[in-house]
Amino acid sequence: MAEAGSFHVPRFGVRERVKAFLNAELVNILAAILFLLLVIFLLYPILAVLIKSIKDPEGLTLSYYVKFFTKGYYFRSLTNTLLLGLINTVVCLITAFCLAYLTTRGPLLLRKPLKLVAMMPLIAPPYLFAISLIILFGHNGIMTKAFGIKWSLYGFTGVVIAQTLAFIPLAYLMIENTLRSLNPNLEESAYDLGASEIRIIRTITIPLLAPGILKAGLLVFVMTIAEFGNAAILGGRTPFLAPDTYTMIIGEADFEMGSVLSVILIIPCIIIFFLHNYMLTGKKFTTIGGKPVASEPRKMTPLVKIPFILISGTVGMAIVVSFGMVLLASFTRILGVNNELVLTHILNFDSNLAIYNSIKVSLIAAFIGAMVGTLLAYVIVRGKFFGRSFIEMISLSGFALPGTVIGIGYLLAFNAPPLKLTGGIMILALNSVFRFLAVGVEAGISKLHQINIEIEEASADLGANFMATFYKIVLPLMFPAFIAGFIYTFMTTLVSLSAVVFLVSPGFELAAVRIFDRAVYGEIGNASATTMKLVVIVIFCMVILNYITKKTGFDVSQKKGSVAV
Amino acid sequence: MKGKFIFTVAAAIFSLVFFVSQSPAQEIRAYMGLSPENNAKVVSFIKEKTGIQILQTFQSFGEIEAKVKSEAPNFNADMITGCGSPLAFMAKKNQWVVPYDSPAWKGVAPEFIDQDKYWFNISNFSFVLVGNKNKLQEKGYAMPKSWKELLDPKWKDQIVMSSPLSSGTANMIRFAFLALYGEEEGWKFLQALDKNIHHYTRSGNAPTDLVGRGEFLLGITSDENVKKRIDEGYPLIWSVPQEGIGYDGTFALIFKTTKKMAECKKVIDVMGTPEFSRMMAEIGYVTPRPAENKLYGKVTPKYIKLDLGYAAEMRPKWNDIWKEKFRTEFK
Amino acid sequence: MSSNHSVPMLMLRDIHKFYDHLEVLKGISLDVPKGELVTFVGPSGCGKTTLLRVIGGFTPFDSGEVILDGLRIDHLPPNLRDTRICFQNYALFPHMTVAENISYGLKIKKWKKNRVEERVEELLKLVKLEGLGGRMIDKLSGGQQQRVAVARALSLEPKVLLLDEPLSNLDANLRLTMRGEIRKLQERLKITTIFVTHDQFEAMSISDRIVVMKEGVIQQIGSPIEIYERPDNEFIASFVGYVNFLDGVVERVDIRPDMATASTPIGRIDFVPERNFNVGDKVKLVIRPETINISRSEPTTGDNVLQGEVEIGMYVGSLTKYTVQVKGERMIIDQANPRETGIFKENEKLYLTIPKNIHVLRKD
C-alpha cells in the first residue's frame with residue numbers, strides 16, 4: 001500500500017549497475033578506444049618521424065634540415081617532386097573528367113568499355129606502367145626500335161607518363177561518382193535556358209563537381225608523390241623525394257635524412273588536406289548525398305565530343321596496351337630479345353608465398369579497416385562527446401599522408417618493445433588499415449546520416465541494450481559502408497607499395513614488393529608474370545565479393561560508387 | 001538476418017586467415033643477398049638436404065646491412081645467409097652474432113671462415129664488365145679492354161652500374177678501384193666514370209639484365225648471373241679488363257637472438273659441404289671447397305689486391321664522400 | 001513491487017527539462033490511471049513530444065520523477081522500462097521483414113521460438129495483417145507500416161504505450177479509420193496509452209482525457225467535453241475549435257436562482273455562473289458558434305435575444321457559417337441543418353439567441 005510520494009527506487013546490484021553504466025557509456029568508451037588506436041597507429045608514427053628528423057646523439061638539432069636546404073641535390077628532388085605532383089594531378093583530373101563525362105553523359109556504346117578501361121589500373125600495381133613503358137619505349141623497346149625513336153624514356157617525362165596512367169582511375173572513380181550523383185536535370189535546364197554544352201560544363205557541371213574534383217586532386221597528388229615504384233624504375237638519375245627516402249632508409253640506414261625527406265614530403269600534403277577541408281566545409285554531403293541518376297545519352301557537340309573522345313581514347317589505348325604488354329611479357333622468354341613464347345615465367349611459383357601473403361594481409365587489413373571505419377563513423381555521428389570533429393579529422397587524414405612516411409613511421413615506432421610489430425604480419429596490415437580508413441569512415445558517416453536515429457531508439461525501446469542494437473540494427477544498416485571500406489582497403493592494400501616496402505621481413509614478403517624488386521632488378525618476365533597472377537587473383541576476389549554481396553541483396557552498383565568517396 | 005550471415009562469413013574468413021598464419025618449426029627466417037634466383041637455388045638446396053625452409057625476401061647486400069643496423073638488437077630474422085664483408089665484420093664486432101664451431105667447415109681456407117668462427121664465407125663473387133653484343137655491333141664499338149676505356153665520352157649515358165650505397169657489388173667495385181688506383185686517383189676515376197653512367201641501380205645484378213635486354217651498351221655488374229643469362233639467350237659478352245677485378249665474400253652468420261639455434265647450425269653445416277660448393281661453383285661463384293667454376297673455367301681471373309677489413313672499416317666514410325660527390329651539386 | 005490499483009499506472013512529478021537555458025518542460029505533474037488513453041495536445045513547441053520522450057526514457061530531464069506502476073523509472077534506460085514507443089516515422093527496421101520487426105523485442109527477451117511465432121501471429125491478427133509476416137517493410141503501404149509499428153510496440157505487452165503523432169503520415173481518410181482502430185484496440189486491450197498529437201479534433205475523438213500544453217506548461221487536463229465546453233482559459237478555448245469572445249463586466253449576481261448578468265459591447269447577457277462572480281468582475285464570455293440560434297422571427301424563449309445583420313454566409317453542406325454584425329461586433333455563427341431553417345442572405349436582418357449556460361472566464 002504505497003503512498004504517493006514515497007515510491008522506492010528499485011535497488012540494483014553491482015552487476016546491474018556496471019551493466020547500466022556500460023550501456024550508457026559504451027559509445028564514449030568505444031570512442032576512447034578508437035581515439036587511442038588513431039593516436040597509436042596514425043599520430044605516433046608520424047611524430048616518430050618528426051622527432052627522428054630533429055634529433056642527433058647530442059640532442060635536438062636542425063642540422064639535417066640545413067643540409068637539405070643547402071644541397072642542390074635535395075632541393076632539386078623537392079622541386080621535381082612538387083612539379084611531378086602538380087603536372088600529374090592536373091593531367092589526371094582533366095583526363096578523368098573527360099572519361100567520367102563520356103561514361104555518364106556520352107554515347108551508350110562507349111560507356112561500358114571506357115569505364116572498364118578506366119578502372120583497370122586499379123587492380124594492378126601502379127608501376128605496371130613502368131614495366132610496359134620499358135618494354136615499349138626503353139632504349140631497346142619495341143616502339144623505339146620500330147620507329148627509331150631518339151627520346152630517352154628514363155627521366156622526368158617517363159615518370160610523369162607512368163604515374164599519370166597509374167592514377168587516372170583514382171581520379172576517375174571519384175569524379176565519375178560525383179558526376180553520377182549530379183542530377184542531369186540541372187544541366188538540362190541550363191541547356192533549356194540556351195547555354196551551349198561548353199558553357200554548361202564550365203558553369204554548371206564543373207562548379208557542382210568541385211568537391212569531388214578537389215578530393216580527387218588531393219588523393220592523386222598524395223599518391224603521385226608517395227608511390228615511388230615508377231620513379232624508382234624509370235627515374236634514372238632524376239631525383240624525387242619518395243624514392244630517395246626509400247634509398248636512404250632501405251639502402252643506407254640513414255634514418256635522419258630519410259625522416260627529413262619524409263617531413264618535407266608531408267608538408268604539401270598537409271597543406272592541401274587543410275585547404276581541401278576548408279573549401280569543403282558545409283559542402284561535405286552534397287557530393288555523396290544525391291542518388292545516382294542514369295543520364296540519357298546526350299547529343300554532344302563535336303566541339304566537346306571530339307577532344308573528349310580523343311583524350312579518353314588515347315589514355316584508354318595506353319592502358320590497354322600496357323596491360324597487353326605485361327601479359328605478353330609474362331608469356332615470352334625475353335620480350336624484345338628472344339620472343340619465343342614460353343610458360344617458364346608463369347610456371348615459376350617462387351612468388352606463391354608472396355601472393356598468398358598479399359591476399360592474407362589485404363583481407364586482414366580490409367576487415368579491420370572496414371570495422372574500425374564503421375565504428376569510427378558511428379561514434380563521430382552518434383557520439384556526444386567533446387572533440388568529435390577532431391577524431392573525424394584525424395581519421396580522414398590518413399589518405400593525405402604519403403605511404404612512404406607512414407611506412408617509415410611504423411618502422412621507427414614499432415621496432416622495439418613494448419610495441420614491437422616489425423618482422424610480423426600485422427604491421428603490414430595495420431599501416432593499410434589506417435592509411436585507407438577515410439573511405440570506410442566517409443561512407444559510414446553518409447550512411448548514418450540517412451538512418452533515422454529513431455530506428456535505434458525503437459530498438460532500445462523494445463528492450464535491446466546498446467550492444468544488441470548496434471549488432472542487430474546499426475551494423476546491418478551500415479553494411480554497404482562496411483563493404484565500401486572493405487573493398488577499397490582490400491584493393492589498395494593488395495597493390496600498394498610505398499608503405500609496406502619498409503615493413504616486409506623474411507617470410508612476410510608481399511607480391512607488390514616482390515614485383516617491384518624484380519622490375520627494378522630488370523627481370524621483366526618474372527615481374528610481369530607475377531603481376532598477371534596478382535591481377536587474376538584480384539579479379540577473382542572481386543567476383544567472389546560481388547557474389548556474396550549480391551547473394552545477400554545489397555546493391556553492388558551503389559557500393560562501387562561509394563568506393564570512390 | 002542478411003547482415004548476420006555476411007558477418008559470420010566475414011568473421012570466418014578472417015579467423016581462418018588469421019590463425020593459419022602460425023609458422024611451423026621447420027622454418028627459419030634469413031637475410032639473403034644473392035641474386036633472387038640464386039637465393040632460390042640455395043633455399044631449395046638447404047630444404048632438400050635438411051628439410052628446413054628458409055624464408056627470405058630479396059635484398060641487396062647494402063640493404064641487408066641497413067636493415068640489420070636499424071633493427072639491432074631486435075632482429076627480425078634468425079640468421080644471415082648472404083651479406084657482404086662490411087656487415088659480417090660489423091656484426092662480429094658488435095656481438096650481434098654468435099660463433100659456431102662447425103665440424104662441416106673443418107679444413108676450409110682461412111679467407112672463407114672467421115678464425116673465431118663468427119662468420120662463414122659461402123662463396124666469393126666478383127664484378128665483371130658486360131656488354132650487349134648486338135648493340136655494340138650496331139654501333140661498331142669494340143668491348144673495352146681496360147677500365148680506363150670506359151671514360152671515353154662515346155659511352156656517355158650508355159653504362160650502368162649499381163649504387164655502392166645499396167649494393168654490395170658496387171661497394172666492392174668502389175673499393176677495388178680505390179685499391180687499384182690509390183684513394184685520391186681512385187675517386188678521380190669514379191668521378192670521371194660518373195659522367196658516362198646513365199644511372200646507379202639498386203642491386204648489383206641489375207646491370208646484367210639491363211644490358212642483356214639492350215637498354216644499355218655496357219654494365220659493370222656482379223658475376224653471379226652472367227653465365228645464367230648467357231645460357232638463357234641474352235646477347236651478352238663479358239670480360240675481365242686487363243687491370244683485373246675485385247672480389248668480396250658472401251657471408252653467413254647466426255643472430256644471437258634466434259630461437260632456432262639448432263636449425264641455423266644445420267644450415268651452416270650444409271653450407272660447408274663440398275656438395276654445396278659444387279652447386280655454387282656451377283652458378284659461377286668461387287667456393288670454400290675447391291670446385292670447377294662454370295664461369296671462369298680453370299683459369300683464375302686476375303684479381304686486384306684488396307684488404308677487405310680496411311674496406312669494411314672505411315665504408316661509412318666512403319659512403320659520405322660518395323654522397324658528397326654525387327649527390328650535392330646543382331646541375 | 002507494489003502493484004496497486006489505487007495507484008495510477010503512470011505518475012509524473014514536477015518534471016523540469018532545460019535545453020541549454022530554455023526551459024521546455026516547466027514542472028509537469030500528471031497521473032494516468034490504468035487503462036486510460038490520454039492525449040497530449042498543443043501547438044508545436046509546446047513540449048508534448050519531449051514529455052513523451054521523457055516517459056520513454058529517450059530524453060534525460062533535469063528534475064522530477066517518473067513513476068510507472070509504483071516504481072520510479074526515471075533513472076532507467078529505455079530498454080529496461082516497461083513502456084513502448086511508436087514513433088512518428090514508425091522507425092521500422094528496413095532490413096527486416098514484418099515478422100522480424102514484430103518479434104525483435106521478443107527475441108531480445110529470449111522468448112522460445114514457438115512462443116515467438118505464436119505471438120507474432122496473434123499480433124498480426126490483432127492489427128489485421130495476417131499473412132504479411134514475410135513481407136519486407138518497404139513493400140508495405142503507409143497504413144500497413146503504421147500497423148506493424150503498433151504491433152511491434154504491443155509485442156511485449158507494455159504497461160504504457162506511447163504513440164508519437166502516429167497518424168500524421170497518413171492521408172485524411174486512412175487517418176480516420178486508423179484512429180478508430182487504435183481506439184478500439186486500446187479499449188480492448190485496456191492498455192494505458194499516451195497519445196501525442198497536434199490535431200485537436202483527433203485528440204477530442206480518441207481520448208479519455210486530454211492534456212492541453214503550451215510552452216512547457218499543462219494548461220488543462222480534462223475529458224474532451226470539459227476541454228471543449230469549459231476551457232480554463234482563452235488559449236484552450238481558442239485552440240479547440242472556433243470561439244466568439246465577448247469582453248464584459250459583471251453587473252448583477254443573483255443567488256437564487258443562480259444567475260448573473262454581464263454588460264458587453266452587444267448588450268446585456270444573462271448567464272448561469274459556474275463559479276462565484278462578484279459585481280464589477282471583468283469577464284470574458286466564451287460563445288461557441290454552434291450554440292447560437294438564429295431565426296427570422298423574434299424567438300420567445302427566456303434566453304438572450306439580440307438583433308443582427310448577416311455580413312457573409314458560407315454554405316458548407318452540413319452547416320452554414322455566418323458572419324453576423326451585432327452592434328458593431330462580429331460574431332461567427334454555425335447554423336446546423338441549413339435546409340430546414342432556410343439560408344439567410346447577405347444584409348438580411350435576423351434574431352440571435354445566446355443560451356444562458358455559456359462558459360464565462362474571469363479576466364485577470
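Residues numbered from 1 in each chain as written. Chains lettered and ligands numbered in written order. Predicted model: local features only at pLDDT ≥ 70, side-chain atom pairs only at ≥ 80, totals over all residues. Heavy atoms only, no water.

### Let's talk about the overall build of chain B
In terms of helices and strands, chain B carries 12 helices and 10 strands. Against the globule reference of 20 Å for 331 residues, chain B gives a C-alpha radius of gyration of 22 Å, in line with a compact fold. Over its C-alpha atoms, taken along the principal directions, chain B stretches across nearly 70 × 60 × 40 Å. Within chain B, the proportion of its 331 residues that are buried is 61%. A fraction of 75% describes how many contacts in chain B between residues 6 or more apart in sequence connect residues 24 or more apart. Averaged over its 44 positive side-chain charges, chain B has a centre that lies 4 Å from the centre of its 37 negative ones. (Helix = DSSP H or I, 4+ residues; strand = E, 2+ residues; numbered from the N terminus. Rg over C-alpha atoms; globule rule 2.2 N^0.38 Å. Buried < 20%, exposed > 50% of the residue type's maximum accessible area, 1.4 Å probe, protein only. Contact = heavy atoms within 4.5 Å. Lys, Arg positive; Asp, Glu negative; His and termini not counted. Charge placed at Lys NZ, Arg CZ, Asp CG, Glu CD.)

### Brief notes about the overall build of chain A
Within chain A, the regular secondary structure consists of 24 helices and 4 strands. Expected size for 565 residues packed as a compact globule is a radius of gyration near 24 Å; at 25 Å, chain A falls within 12% of this value. Each principal axis of the C-alpha distribution contributes one length, and for chain A these read about 105 × 70 × 50 Å. For chain A, buried positions account for 63% of its 565 residues. A fraction of 80% describes how many contacts in chain A between residues 6 or more apart in sequence connect residues 24 or more apart. Within the structure as shown, chain A displays about 21600 Å² of accessible surface, and the carbon and sulfur contribution to it stands at 71%. Here chain A contributes 42 positive and 28 negative side-chain charges, whose respective centroids are spaced 5 Å apart. (Areas by Shrake-Rupley, 256 points an atom, 1.4 Å probe, with all protein chains shown as cover.)

### Remarks on the side chain of A:Arg111
All names here are of chain A. One can find Arg111 in helix 4 (residues 108–119). Overall, the relative accessible area of 13% leaves Arg111 in the buried class. Within the local environment of Arg111, its side chain forms a polar contact with the backbone oxygen of Thr104, the two atoms lying 3.2 Å apart. Among the polar contacts made by the side chain of Arg111, one reaches the main-chain carbonyl oxygen of Gly106 at a distance of 3.1 Å. (Polar contact = N/O pair within 3.5 Å; in protein donor to acceptor, adjacent residues only side chain to side chain.)

### A few points about the nonpolar core
The biggest cluster of nonpolar side chains holds 312 residues, and the ones touching the most others in it are B:Trp147 and B:Ile220. Ignoring sequence-local partners within four residues, the contact set of B:Ile220 consists of B:Phe127, B:Val128, B:Leu129, B:Trp147, B:Leu150, B:Ile159, B:Val160, B:Met161, B:Ser162, B:Ile173, B:Leu193 and B:Pro207. Ranked by size, the runner-up nonpolar core spans 34 residues in total, among them C:Tyr90, C:Leu124, C:Ala149 and C:Ala153. (Core = buried A, V, L, I, M, F, W, Y, C linked by side-chain atoms within 4.5 Å.)

### So, the domain arrangement of chain B
Residues and elements named next belong to chain B. For chain B, the domain assignment lists domain 1 (25–124 + 248–283) and domain 2 (126–247 + 304–326). The C-alpha centroid of domain 2 is placed 26 Å from the C-alpha centroid of domain 1. Listed by partner, the interface residues are 18 residues for domain 1 and 21 residues for domain 2. When the two sides are added together, the surface that domain 1 and domain 2 hide from each other amounts to roughly 1500 Å², 47% of it contributed by carbon and sulfur. At the boundary of domain 1 and domain 2, one finds 4 salt bridges. Of the charged contacts in the structure, one is a salt bridge between Glu65 and Arg315, with a shortest N-O distance of 2.9 Å. For the interface between domain 1 and domain 2, the tally reads 10 residue pairs in polar contact (both at pLDDT 80 or more). (Domains from an automatic or database assignment. Buried area = accessible area lost by both parts, 1.4 Å probe. Salt bridge = Lys/Arg side-chain N within 4 Å of Asp/Glu carboxyl O.)

### Topic: helix 3 (residues 72–105) of chain A
Its 34 residues give helix 3 of chain A an end-to-end C-alpha distance of 48 Å, which sits within 8% of 50 Å, the value for a rise of 1.5 Å per residue. With 24 of its 34 residues buried, helix 3 of chain A lies for the most part within the structure. (Expected span 1.5 Å × (residues − 1).)

### Remarks on the side chain of B:Gln56
Among the secondary structure elements, B:Gln56 is positioned in the loop between strand 2 (53–55) and helix 3 (61–71). A distance of 3.2 Å separates a polar atom in the side chain of B:Gln56 from a polar atom in the side chain of B:Asn39. Excluding its chain neighbours within four sequence positions, the residues that come into contact with B:Gln56 are A:Pro506, A:Gly507, A:Glu509, B:Ala30, B:Met32, B:Asn39 and B:Val43.

### Details of the packing of helix 2 (residues 63–70) of chain A against helix 12 (residues 255–280) of chain A
Residue and element names in this part refer to chain A. Interaxial distance between helix 2 and helix 12 falls to 10 Å at its minimum, and their mutual angle equals 70 degrees. Regarding the angle of helix 2 to helix 12, the classification is roughly perpendicular. Here the hand of the crossing between helix 2 and helix 12 comes out right-handed. Of helix 12, the residues touching helix 2 (which contributes Tyr64, Tyr65, Lys67, Phe68 and Phe69) are Glu256, Met257, Val260, Leu261, Val263 and Ile264. Taken together, the residues of the contact of helix 2 with helix 12 break down into 9 nonpolar, no polar and 2 charged. (Axes fitted to C-alpha atoms, helices over the stretch in contact; angles between N-to-C directions. Parallel < 35°, antiparallel > 145°, perpendicular 65-115°, else oblique. Left-handed = near helix turned anticlockwise from the far one by under 90°. Nonpolar A, V, L, I, M, F, W, Y, C, P; charged D, E, K, R; others polar.)

### Quick notes on the sheet that holds strand 17 (residues 319–326) of chain C
Residue and element names in this part refer to chain C. The 5 strands lie next to each other as 15-19-16-17-18, forming an open sheet whose pairing is antiparallel. A strand with exactly one partner marks an edge of an open sheet, and here the two such strands are strand 15 (293–295) and strand 18 (329–336). Looking at each pair of strands side by side, their axes are set apart by 45 degrees on average, direction ignored. Pairing analysis gives 6 bridges linking strand 16 (residues 304–315) to strand 19 (residues 349–354), with the strands arranged antiparallel. Bridge pairing in strand 19 links Glu309 to Lys349. (Pairing = 2+ DSSP bridges.)

### Thoughts on the pairing of strand 4 (residues 63–68) of chain C
Residues and elements named next belong to chain C. Note that strand 1 (residues 10–19) and strand 4 share 5 bridges and pair antiparallel. When the bridges of strand 4 are listed, Met11 appears paired with Ile67. Bridge count between strand 4 and strand 5 (residues 71–72): 2 bridges; the pairing is antiparallel. For Leu68, the partnering residue across the bridge sits in strand 5 and is Leu71. As consecutive antiparallel partners, strand 4 and strand 5 are separated by 2 residues, and within that stretch Asp69 has a phi angle of approximately 50 degrees, a positive value.

### Looking at the domain arrangement of chain A
Residue and element names in this part refer to chain A. Domain boundaries assigned for chain A yield domain 1 (26–48 + 342–565) and domain 2 (62–329). On a C-alpha basis, the centroid separation for the pair domain 1 and domain 2 is 22 Å. Here domain 1 packs against domain 2, burying approximately 4200 Å² in sum over the two surfaces, 78% of which is carbon and sulfur. The interface formed by domain 1 and domain 2 holds 6 residue pairs in polar contact (both at pLDDT 80 or more) in total. Breaking the side of domain 1 that touches domain 2 down by element, the ones donating at least two residues are helix 16 (388–397), helix 17 (403–413), helix 19 (437–450), helix 21 (466–495), helix 22 (511–521), helix 23 (524–551) and helix 24 (556–563). With 10 residues, the top contributor of residues to the side of domain 1 that touches domain 2 is helix 23. Here the residues of the side of domain 1 that touches domain 2 are counted per class, giving 35 nonpolar, 14 polar and 5 charged.

### Comments concerning the interface of chain A and chain B
With 67 residues of chain A at the contact, the number on the chain B side is 68 residues. Interface of chain A and chain B: buried area, both sides summed, is about 5800 Å²; carbon and sulfur atoms make up 61% of it. Among the residues of chain A in contact with chain B, A:Arg237, A:Pro506 and A:Tyr521 are the three that bury the most area, contributing 15% of the side total. At the junction of chain A with chain B, the criterion picks out 18 residue pairs in polar contact (both at pLDDT 80 or more). Counting only elements with at least two residues in the side of chain A that touches chain B, the list comes to helix 3, helix 11 (241–252), strand 3 (332–334), helix 15 (352–382), helix 21, helix 22 and helix 23 of chain A. Taken together, the residues of the side of chain A that touches chain B break down into 37 nonpolar, 17 polar and 13 charged.

### Overview of the sheet that holds strand 9 (residues 209–214) of chain C
In a beta sheet, neighbouring strands pair by backbone hydrogen bonds and run either parallel or antiparallel. Residue and element names in this part refer to chain C. Spatial ordering of the open sheet is given by 6-7-8-3-9-10, a layout of 6 strands whose pairing is mixed. Of all strands in the sheet, those with a lone pairing partner are strand 6 (83–86) and strand 10 (217–222), marking the two edges. Within the sheet, the average angular offset between the axes of one strand and its neighbour, ignoring direction, is 20 degrees. As defined by bridge partners, strand 6 adjoins strand 7 (residues 160–164) across 4 bridges and the pair is classed as parallel. Across the sheet, residue Cys86 finds its bridge partner in strand 7, namely Leu163. In the packing of helix 1 (residues 48–56) onto the sheet, the strands contacted are strand 3 (37–41), strand 6, strand 7, strand 8 (192–197) and strand 9, and the crossing angle to strand 7 comes to about 145 degrees.

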